[in-house]
Amino acid sequence: MPRPIQAVIHHDALKHNLSIVRQNVPGSKVFAVVKANAYGHGIERVYDALKSADGFALLDIDEAKRIRALGWHGAILLLEGIFSAQDLYDCEQYQLNFTIHSEAQLQWLQEYQSPAQFNIFLKMNSGMNRLGFTPERYRQVWEQLNRFKNVRSITHMMHFSDADGDRLGQDGIEHQLIAFDHTTQDLPGKRSLSNSAAILRHSTLDTDIVRAGILLYGSSPDYPTHSIQDWDLKPTMSLRSELIAIQNLKKNDTVGYGSKFTAETAMTIGIVACGYADGYQRITATGTPVLVNGQRTHIVGRVSMDMLAVDLSNILHAEIGSEVVLWGQAQTGEILPIDEVAAGSGTIGYELMCSVTQRVSFKIEA
Ligand SMILES: *Cc1c(COP(=O)(O)O)cnc(C)c1O
């Protein structure tokens, strides 16, 4: 028997979450963001559930090739564009759309000798200060690209830094929108602005192409302000394991490395086949929620490489082999949002779902 830990990918939940995007922005094309191997889910594992999207967006040309290998003939967008002039050969061969965010990329494209034509996403740095041309430079680059024979279309693109909050007192997006609109308002071409947080919180923006990432994977982009239940999203990845031992503690007994947890009274704990070598973060705090037999309890003591301990005080029928859900859905339907678990180690759902390690086997559920 293999170790009982498993990551389950839920196709019905992926389809449901995609339908929530459609409901929010009915006038937009939806590009499903599948970077980082589909946020840790596995591109090949999510493809069938997401192939009704209007396009896929990602970073690595190798991931783009994998999507083509699955039979996808539609749009693919490289969110960070090309990393060298040579990448243009792949863009041509695999018909990839790509962003232009830097002078170097502009030059590579200008010097590319081929009759091929590309669909460009011209990226503006509207305030996030990671990638893109400043509003001052943007129009010049746009005009330049219009004269390139190898440019078929130019989509105006930017990315929000604060669509999940209301920092800067401007509802998070206003200052960037002003810069973007001011610069592009009289220019023809499609627009692509929204990430998950903007799709959910600023759905009236409804631009031509939205780039939906984390919400497809059942994590709330603005947790704890809103939970996945608030947004009607469903977990798409469940990390499930089992109890492999049970210990009866006396008052003052301790648990695990460093004896970080001390029993205040006699109690029962369960040992779960899941540790940081599976991707469950070592720094996760005592008290972080977990489901045992579909019932909510919490972890106690330090997470070790292969195991962690859970409080069984109020759990009915706990025994060796009982199901433990670290995040996601129990087989009986109870839900533990990944966002609540991420909060237990001071991170976000994105990081946990991207961190499940090689030794965990995956399974797809319809
Ligand atoms: C990752 C990414 C997205 C998706 O962001 P989510 O918050 O996961 O929806 C959208 N646009 C760009 C440019 C990205 O890099």
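The name given to the protein chain in an unreviewed UniProt entry is Alanine racemase, with the source organism recorded as Acinetobacter stercoris. Regarding the protein chain, the relevant UniProt record gives this comment under Cofactor (unreviewed entry): "pyridoxal 5'-phosphate". Per UniProt, the protein chain has the following entry under Catalytic activity (unreviewed entry): "L-alanine = D-alanine".

A. Expanded view of the site of the ligand. Val33, Lys35, Tyr39, Leu79, Met157, His159, Asn195, Ser196, Arg211, Gly213, Ile214 and Tyr350 make up every residue found near the ligand. One of the backbone nitrogen or oxygen atoms of Gly213 is found 3.1 Å away from an oxygen atom of the ligand. Interatomic distance of 2.6 Å between a side-chain N/O atom of Tyr350 and an oxygen atom of the ligand. Protein coverage of the free-state accessible area of the ligand, which is 380 Å², stands at 92%. Looking at side-chain class alone, the shell around the ligand contains six nonpolar, four polar and two charged residues.

B. Fine view of the UniProt feature "binding site: substrate" (unreviewed entry) in the protein chain. In the numbering adopted here, UniProt assigns the feature "binding site: substrate" (unreviewed entry) to Arg130 and Met305. In sequence the annotated residues extend across 176 residues, and in space they extend as well, their farthest C-alpha pair lying 35.3 Å apart. By the secondary structure assignment, Arg130 is in the loop between strand E6 (118-123) and helix H7 (135-147). Here Met305 shows up in the loop between strand E15 (295-300) and strand E16 (308-311). Residue Met305 is classed as partly exposed on the basis of its relative accessible area, which comes to 42%.

C. Here's a closer look at the UniProt feature "modified residue: N6-(pyridoxal phosphate)lysine" (unreviewed entry) in the protein chain. UniProt records the feature "modified residue: N6-(pyridoxal phosphate)lysine" (unreviewed entry) at Lys35, using the numbering of this structure. With respect to the helices and strands, the residue Lys35 is situated in helix H2 (residues 35-39). For Lys35, the contacting residues outside a window of four places in its chain are Ala57, Leu58, Leu59, Glu63 and Leu79.

D. Geometry of the environment of Asp164. For Asp164, the position within the fold is in the loop between strand E7 (151-157) and helix H8 (174-184). Owing to a relative accessible area of 29%, Asp164 belongs among the partly exposed residues under this scheme. Expressed as a C-alpha distance, the spacing of Asp164 and Arg201, which sit 37 residues apart in the sequence, is 7.5 Å.

E. Here's a closer look at helix H1 (residues 11-24). Here H1 contains 14 residues, and its C-alpha end-to-end distance of 20 Å stays within 8% of the 20 Å for a straight helix at 1.5 Å per residue. Within H1, burial applies to His11, Ala13, Leu14, His16, Asn17, Leu18, Ile20 and Val21.

F. Seen up close, the nonpolar core. By size, the foremost hydrophobic cluster in this structure holds 106 residues, and its most contacted members are Val34, Leu50, Leu109, Leu145, Tyr217 and Trp327. For this core, the leading source of residues is helix H3 (residues 43-50), giving five residues. Formed jointly, this core draws a minimum of three residues from each of two domains, domain 1 (11-217) and domain 2 (237-365). With residues near it in sequence (within four places) discarded, Val34 still touches Ile43, Val46, Leu50, Phe56, Ala57, Leu58, Glu63, Ile67 and Tyr217. Ranked by size, the runner-up nonpolar core spans nine residues in total, among them Leu249, Val255, Ala263 and Ile271.

G. Quick look at the packing of aromatic side chains. Counting across every chain of the model gives ten aromatic pairs. Arranged with centres 4.6 Å apart and planes meeting at 20°, the rings of Tyr39 and Tyr217 form a pair that is stacked. Of this pair, Tyr39 sits in helix H2 while Tyr217 sits in the loop between strand E9 (209-212) and strand E10 (237-249), placing them 178 residues apart in sequence. Tyr217 shares its class with Tyr39; the two are buried. Pairing Tyr112 with Phe118 gives two aromatic rings, centres 6.0 Å apart and planes at 45°, and the pair type is tilted.

H. Focus on the pattern of salt bridges. Per the counting criterion, the structure on display carries 14 salt bridges. Connected through salt bridges with shared partners, the residues Arg3, Asp278, Asp306 and Arg359 form a single ionic network.

I. Region of interest: the domain arrangement of the protein chain. Annotation of the protein chain at the domain level lists domain 1 (11-217) and domain 2 (237-365). Computed from C-alpha coordinates alone, the two centres of domain 1 and domain 2 are separated by 37 Å. At the interface, nine residues of domain 1 touch eight residues of domain 2. Taken over both partners, the interface formed by domain 1 and domain 2 buries close to 880 Å², and the fraction arising from carbon and sulfur atoms is 69%. Of all residues in domain 1, the largest losses of buried area upon contact with domain 2 belong to Tyr39, Arg45 and Ile214, amounting jointly to 49% of the total for that side. For the pair domain 1 and domain 2, the number of links is zero salt bridges. Our enumeration of links across domain 1 and domain 2 arrives at one residue pair in polar contact (both at pLDDT 80 or more). If you list the elements that add at least two residues to the side of domain 1 that touches domain 2, you get H1 and H2.

What counts as what
Residues numbered from 1 in each chain as written. Predicted model: local features only at pLDDT ≥ 70, side-chain atom pairs only at ≥ 80, totals over all residues. Heavy atoms only, no water. UniProt positions renumbered as here; feature names shortened; annotations may be inferred. Near = heavy atom within 4 Å. Polar contact = N/O pair within 3.5 Å; in protein donor to acceptor, adjacent residues only side chain to side chain. Areas by Shrake-Rupley, 256 points an atom, 1.4 Å probe, with all protein chains shown as cover. Nonpolar A, V, L, I, M, F, W, Y, C, P; charged D, E, K, R; others polar. Helix = DSSP H or I, 4+ residues; strand = E, 2+ residues; numbered from the N terminus. Buried < 20%, exposed > 50% of the residue type's maximum accessible area, 1.4 Å probe, protein only. Contact = heavy atoms within 4.5 Å. Expected span 1.5 Å × (residues − 1). Core = buried A, V, L, I, M, F, W, Y, C linked by side-chain atoms within 4.5 Å. Domains from an automatic or database assignment. Phe/Tyr/Trp six-rings, centres within 6.5 Å; stacked < 30°, edge-to-face > 60°. Salt bridge = Lys/Arg side-chain N within 4 Å of Asp/Glu carboxyl O. Buried area = accessible area lost by both parts, 1.4 Å probe.

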